[in-house]
Amino acid sequence: MTPFHGLLAYPVTPMDADGAPDLDALGRVLAPLVDAGVDAVGLLGSTGNYAYLDLPARKRVLAAAVEALDGRVPLVVGVGAMRTDWAEDLARDAARAGVDGLLLAPMSYQPLTEAEVHAHFRAVSLAGDLPLCVYDNPGTTHFRFTSELLARLAQLPGVAAVKVPVPRDDPAAELSRMRDGLADVALGASGMAGCGRAMLAGADAWHSSLAGSLAGPALALVRAAQAGDAEAVEARETALAPLFGLMARRGSLRVAHAIVGLRGLCAAPLPRPLMPLDAEEIDMLAGMLDELD
């Protein structure tokens with residue numbers, strides 16, 4: 001079993017006022033994920049600010065996370081980078097650190113072709129020699145994977161999973177169509193609304209930014225889906241709907257940073273030029289968290 005099943009929780013990477021990783025605060029952010037019993041931690045994903053950290057900083061964050069988790073929870077680390085050689089370097093470092101899997105998104109400035117993306121993923125999968133998850137996140141990368149490209153990537157050595165946005169229309173049919181081309185590769189859904197229904201429809205995992213800051217409710221939703229309890233899934237998604245809506249409007253990264261602040265785990269500023277939620281939004285979020293407690 002690869003680490004790409006069940007609930008993967010993606011925590012924020014706390015930073016100090018100068019934009020450097022706050023490694024002590026990172027330990028406090030990770031501790032509740034271990035206590036909750038998430039199936040894996042997804043370090044340095046989009047919510048983990050990987051795009052705003054240089055390579056040495058990312059390596060320090062990884063080393064601190066490995067120490068803090070101490071093997072109690074499988075660890076997946078994002079190795080996306082603008083250049084293939086940078087991503088290869090991060091993948092090799094992750095392998096030396098003893099992580100359980102890699103997450104790779106096709107970062108770019110110049111628009112990428114499918115041939116370039118295929119070559120990039122092949123090189124990184126070989127460099128790390130670890131189970132790798134293809135990260136389809138068009139909202140940040142502006143690259144859209146076709147089903148044909150995902151099927152080709154699924155044949156690469158080391159590719160063990162695909163992470164795709166929750167299908168908006170008829171998730172059962174769309175996920176079934178995707179799975180037909182993916183052979184034994186794990187199929188995970190990311191996003192907010194509809195994640196539980198996606199798992200009921202056959203997704204193997206929920207890759208969750210919410211779980212990185214609020215593991216309990218996210219884990220309850222996943223366990224209901226894994227049990228095939230459609231009624232419980234609907235009830236839990238309804239309870240989370242206001243929070244999902246705020247994350248969709250303001251971005252999961254901003255909301256996740258606000259949650260760890262409200263929970264007293266750390267007061268991590270966002271990397272500039274990002275700006276935090278305003279006071280009214282913080283009050284609204286606090287009320288949502290009270291309703292979930």
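This is a predicted model, so every value here is computed, not measured.

Taken together, the 8 strands give a closed barrel; going around it, the order is β1-β2-β3-β4-β5-β6-β7-β8, and neighbouring strands pair in parallel fashion. Averaged over all neighbouring strand pairs, the angle between strand axes comes to 25°, with direction disregarded. Across 3 bridges, strand β7 (residues 186-190) lies against strand β8 (residues 205-208) in parallel orientation. Looking at the pairing, A189 lines up with W206 of β8.

The UniProt record marks T47 with the feature "binding site: pyruvate" (unreviewed entry), using the residue numbering of this structure. For T47, the location among the structural elements is in the loop between β2 (40-43) and α2 (55-69). Assessed through its relative accessible area of 4%, T47 is described here as buried. Residues in contact with T47, not counting those within four places in the same chain, are Y10, P11, V12, T13, S209, S252, L253, A256 and H257.

Let us now look at the UniProt feature "active site" (unreviewed entry) in the protein chain. Mapped onto the present numbering, the UniProt feature "active site" (unreviewed entry) falls on Y135 and K163. Spanning 29 residues, the named residues nonetheless gather at one spot, since no C-alpha pair among them exceeds 5.0 Å. Lining the largest pocket, from the residues just named, are Y135 and K163. Tracing the sequence through the fold places Y135 in strand β5 (residues 132-135). For Y135, a relative accessible area of 6% corresponds to the buried category.

This brings us to the side chain of H257. You can see H257 is positioned in helix α11 (residues 252-262). Among the polar contacts made by the side chain of H257, one reaches the side chain of N49 at a distance of 3.4 Å. A polar contact of 3.0 Å, which involves the side chain of H257, links it to the backbone oxygen of L253. Ignoring any residue separated from it by four or fewer positions in sequence, one finds H257 in contact with V12, T13, T47, N49, A268, P269 and L270.

Before going further, it helps to examine the layout of surface pockets. Taken as a whole, the largest pocket encloses approximately 1400 Å³ of empty space. Forming the boundary of the largest pocket are 48 residues, of which Y135, N137, G139, T140 and S252 lie nearest the centre. Those elements giving two or more residues to the lining of the largest pocket turn out to be α5 (138-141), β6 (159-165), β8, α10 (230-250) and α11. Considering each element in turn, the lining of the largest pocket owes the most residues, 6 residues, to α10. Partitioning the lining of the largest pocket into residue classes produces 25 nonpolar, 18 polar and 5 charged. Each pocket or cavity is described by its volume, and for the second largest pocket that value is around 220 Å³. Together, D136, P138, R144, F145, T146, S147, L150, P165, E174, R177 and M178 line the second largest pocket.

The next subject is the packing of aromatic side chains. Counted under the stated rule, the structure contains 3 aromatic pairs. Ring centres of W206 and F244 lie 6.3 Å apart, and the angle between their planes is 85°; this geometry places the pair in the edge-to-face category. Taken together, the residues span a long stretch of sequence, with W206 in strand β8 and F244 in helix α10 at a distance of 38 residues. The class for W206 is buried, based on a relative accessible area of 1%. In this structure F244 comes out as buried when scored by relative accessible area, which is 4%. Taking NZ or CZ as reference, K163 lies 5.5 Å from the ring centre of Y10, over its face.

Criteria and thresholds
- Residues numbered from 1 in each chain as written.
- Predicted model: local features only at pLDDT ≥ 70, side-chain atom pairs only at ≥ 80, totals over all residues.
- Heavy atoms only, no water.
- Pairing = 2+ DSSP bridges.
- Helix = DSSP H or I, 4+ residues; strand = E, 2+ residues; numbered from the N terminus.
- Axes fitted to C-alpha atoms, helices over the stretch in contact; angles between N-to-C directions.
- UniProt positions renumbered as here; feature names shortened; annotations may be inferred.
- Buried < 20%, exposed > 50% of the residue type's maximum accessible area, 1.4 Å probe, protein only.
- Contact = heavy atoms within 4.5 Å.
- 1 Å grid on protein atoms, 1.4 Å probe; cavity = no way out; pocket = protein on both sides within 12 Å on 5 of 7 lines; lining within 4 Å.
- Polar contact = N/O pair within 3.5 Å; in protein donor to acceptor, adjacent residues only side chain to side chain.
- Points joined across faces, edges and corners; volume = space filled by probe spheres on them.
- Nonpolar A, V, L, I, M, F, W, Y, C, P; charged D, E, K, R; others polar.
- Phe/Tyr/Trp six-rings, centres within 6.5 Å; stacked < 30°, edge-to-face > 60°.
- Lys NZ or Arg CZ within 6 Å of the ring centre and 35° of its normal.

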